[in-house]
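These are the residues of each chain, in order.
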Amino acid sequence: MSNVWSTNVSFSNGELHLSGISATVLAKDFGTPTFFLDEDDFRNRAKTWGSALNGAFGADAGHVYYAGKAFLCVEVARWLAESGIGLDVCTGGELAVAVAAKFPVERIEVHGNNKSVAEINEAVRLGVGTIVADSLFEIERIANAAKAHGKKQRILLRLTPGIEAHTHESIATAHEDVKFGFSIASGSAWDAVLAVREHSEIELRGFHSHIGSQIFSMDAFDTAADRLIAFLARYRDEFKVELPELDLGGGYGISYLESDEALLPEVVLPSLHKAVQAACAKHNLKIPKVSIEPGRAIVGPTMFTLYEVGTTKKVVRESGEARNYISVDGGMSDNIRTSLYGAVYTAIIANRQSAAPTTSSRVVGKHCETGDIVISDIALAVDCVPGDLLAVPATGAYGRSMASNYNHVPRPPVVAVSKGKARVIVRRETEADLLGLDV
Ligand SMILES: *Cc1c(COP(=O)(O)O)cnc(C)c1O
């Protein structure tokens, strides 16, 4: 099952090692549950996406904006700054992390379907490279902020190209009936273009779409590119000038299970280039600066969560089959994706080899909900016992970033491991942290 683990994970006598450090030592040194982050793999993925964009679109391409919502902390923002790629933030909080990391502001792109006046003001004041406007309200807010700061703000318009991406309903974002963006089909995208042109403080650079997340086929991306480029052509036809930028969003699928085939940068970028080139040729447009926004594809595969098994319980289901419940010391507070949208994961006993036969098992957390499930159904060794360590791979994206304090469980730390050395980059929450909010 090598495709679900980060590059520097290896196994010796059945025990998981990250960069040569065994799961047993990692658990002893940092406790459980903990997110372990393969730093070299992360840095390498960020660089690889960046060079694949330039490989396909040339030195004059746009940016790879890492989608910070997948996972962001100050240290990771520093790695991203060093890697040369950009950063997509969508709240004042994410922007504050970027500022704390001294992330180059011209490589920051600000997203969100309901940016507050204060958030927009701060972004304009800092001088972020791009704001992606999502509503007419925001166009007004951006214009007001730019005027107040005596600046001209570059923006993109987020469009919904009317695409049914094949992924879970909660993470498909570009069909008509969603909260995001200006619909091309309804005419509201064109209204937004006209609204922007009323404001000399705003420089419209082009259009954006993000069709969804955990997508495995390039077809939907190609269709989105085609529709956005048709819209660029409409703009050119009307105003006799070509807009210079196109942002095709993120959403590239990764391997959660061995059977998942990740969309790799060396496949994604040439495919996007082909689609963009064809659509531009059709409309006699110059190829714009193309940007993309992978989040999951960069950070997802680089972390695993290490849990300790606390209890087990055998049940007999109505069908007569047996099921082994394996309770770990975290759950929906550190991984909400399974209960939120039926996400699937695999897991292994990380601290030892087991020669025992496997049985149908369910990995559950310690929270007071039946739906507190990490893995709904997995074949695990029948001899899995309290004290065993369980490692769940590919938890880097939307794991720690969606973590909560449900049941007053402190959120786990993130430990970066590189070249045989492990260090905490986000510390574990304490009960004092939790009590600290009570006034
Ligand atoms: C969530 C999001 C992304 C990143 O999606 P991934 O599936 O993590 O690649 C990119 N752009 C926008 C606008 C998003 O909302």
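All values reported here derive from a predicted model rather than from experimental measurement. (Residues numbered from 1 in each chain as written. Predicted model: local features only at pLDDT ≥ 70, side-chain atom pairs only at ≥ 80, totals over all residues. Heavy atoms only, no water.)

### Side note on the overall build of the chain
Right, on to step 1. Assigned secondary structure in the chain consists of 12 helices and 21 strands.
Right, on to step 2. Here the chain has a C-alpha radius of gyration of 23 Å; the compact-globule value for 439 residues is 22 Å, and the two agree.
Right, on to step 3. Based on the C-alpha atoms only, the size of the chain along its principal axes is roughly 70 × 50 × 45 Å.
Right, on to step 4. When each of the 439 residues of the chain is scored for burial, the buried share is 56%.
Right, on to step 5. The long-range share in the chain, meaning contacts at least 24 apart out of those at least 6 apart in sequence, stands at 71%.
Right, on to step 6. A total of about 18,200 Å² of accessible surface is found on the chain, and carbon and sulfur atoms cover 52% of it. (Helix = DSSP H or I, 4+ residues; strand = E, 2+ residues; numbered from the N terminus. Rg over C-alpha atoms; globule rule 2.2 N^0.38 Å. Buried < 20%, exposed > 50% of the residue type's maximum accessible area, 1.4 Å probe, protein only. Contact = heavy atoms within 4.5 Å. Areas by Shrake-Rupley, 256 points an atom, 1.4 Å probe, with all protein chains shown as cover.)

### Description of the nonpolar core
Right, on to step 1. With 114 residues, the main nonpolar core has Tyr 66, Leu 157, Phe 207, Leu 269 and Leu 272 as its most contacted residues.
Right, on to step 2. Ranked by residue count, the leading element in this core is helix 8 (residues 219-239), at 11 residues.
Right, on to step 3. Split by domain, this core shows at least three residues from each of two domains, domain 1 (2-38 + 300-435) and domain 2 (62-294).
Right, on to step 4. Every residue in contact with Leu 269, bar those within four places of it in the chain, is listed here: Trp 49, Ala 52, Leu 53, Ala 56, Phe 57 and Ile 292.
Right, on to step 5. Counting residues in each nonpolar core, the second largest holds 19 residues, with Val 4, Trp 5, Leu 306 and Ile 348 among its members. (Core = buried A, V, L, I, M, F, W, Y, C linked by side-chain atoms within 4.5 Å. Domains from an automatic or database assignment.)

### Focus on the domain arrangement of the chain
Right, on to step 1. Once the domains are mapped, the chain shows domain 1 (2-38 + 300-435) and domain 2 (62-294).
Right, on to step 2. Here domain 1 and domain 2 have C-alpha centroids that lie 33 Å from each other.
Right, on to step 3. Taken together, the 22 residues of domain 1 in the interface contact 16 residues of domain 2.
Right, on to step 4. Summing the contributions of domain 1 and of domain 2, the shared interface buries around 1,700 Å²; its carbon and sulfur component is 67%.
Right, on to step 5. Broken down residue by residue, the surface that domain 1 buries against domain 2 is led by Asn 3, Tyr 341 and Tyr 398, which jointly contribute 31%.
Right, on to step 6. Linking domain 1 to domain 2 there are one salt bridge. (Buried area = accessible area lost by both parts, 1.4 Å probe. Salt bridge = Lys/Arg side-chain N within 4 Å of Asp/Glu carboxyl O.)

### A few points about the site of the ligand
Right, on to step 1. Not every one of the 14 residues close to the ligand is listed here, only the nearest: Lys 69, Ser 213, Glu 293, Arg 296 and Tyr 398.
Right, on to step 2. Gly 251 is positioned with one of its backbone polar atoms (N or O) 2.8 Å from an oxygen atom of the ligand.
Right, on to step 3. Glu 293 places a polar side-chain atom, nitrogen or oxygen, 2.6 Å from a nitrogen atom of the ligand.
Right, on to step 4. Isolated, the ligand exposes 390 Å² of accessible area, and the fraction of that covered by the protein chains is 94%.
Right, on to step 5. Of the residues in the shell around the ligand, the class split is three nonpolar, six polar and five charged. (Near = heavy atom within 4 Å. Polar contact = N/O pair within 3.5 Å; in protein donor to acceptor, adjacent residues only side chain to side chain. Nonpolar A, V, L, I, M, F, W, Y, C, P; charged D, E, K, R; others polar.)

### Details of the packing of aromatic side chains
Describing an aromatic ring pair means giving the distance of the ring centres and the angle of the ring planes.
Right, on to step 1. In the structure shown here, the tally under the stated rule is 13 aromatic pairs.
Right, on to step 2. Residues Trp 5 and Phe 11 carry aromatic rings whose centres are separated by 5.8 Å and whose planes lie at 75 degrees to one another, so their mutual orientation is edge-to-face.
Right, on to step 3. Ring geometry for Trp 190 against Phe 231: centres 5.7 Å apart, planes inclined by 80 degrees, an arrangement best described as edge-to-face. Of the two residues, Trp 190 is situated in helix 7 (residues 188-196) and Phe 231 in helix 8; the sequence distance between them amounts to 41 residues. (Phe/Tyr/Trp six-rings, centres within 6.5 Å; stacked < 30°, edge-to-face > 60°.)

### Regarding the environment of Ala 189
Right, on to step 1. Inspection of the secondary structure puts Ala 189 in helix 7.
Right, on to step 2. Sequence separation between Ala 189 and Asp 334 is 145 residues, and the spatial gap between their C-alpha atoms is 38 Å.
Right, on to step 3. Dropping the residues within four chain positions of it, Ala 189 is found in contact with Leu 157, Leu 159, Phe 182, Ser 183, Ile 184 and Phe 231.

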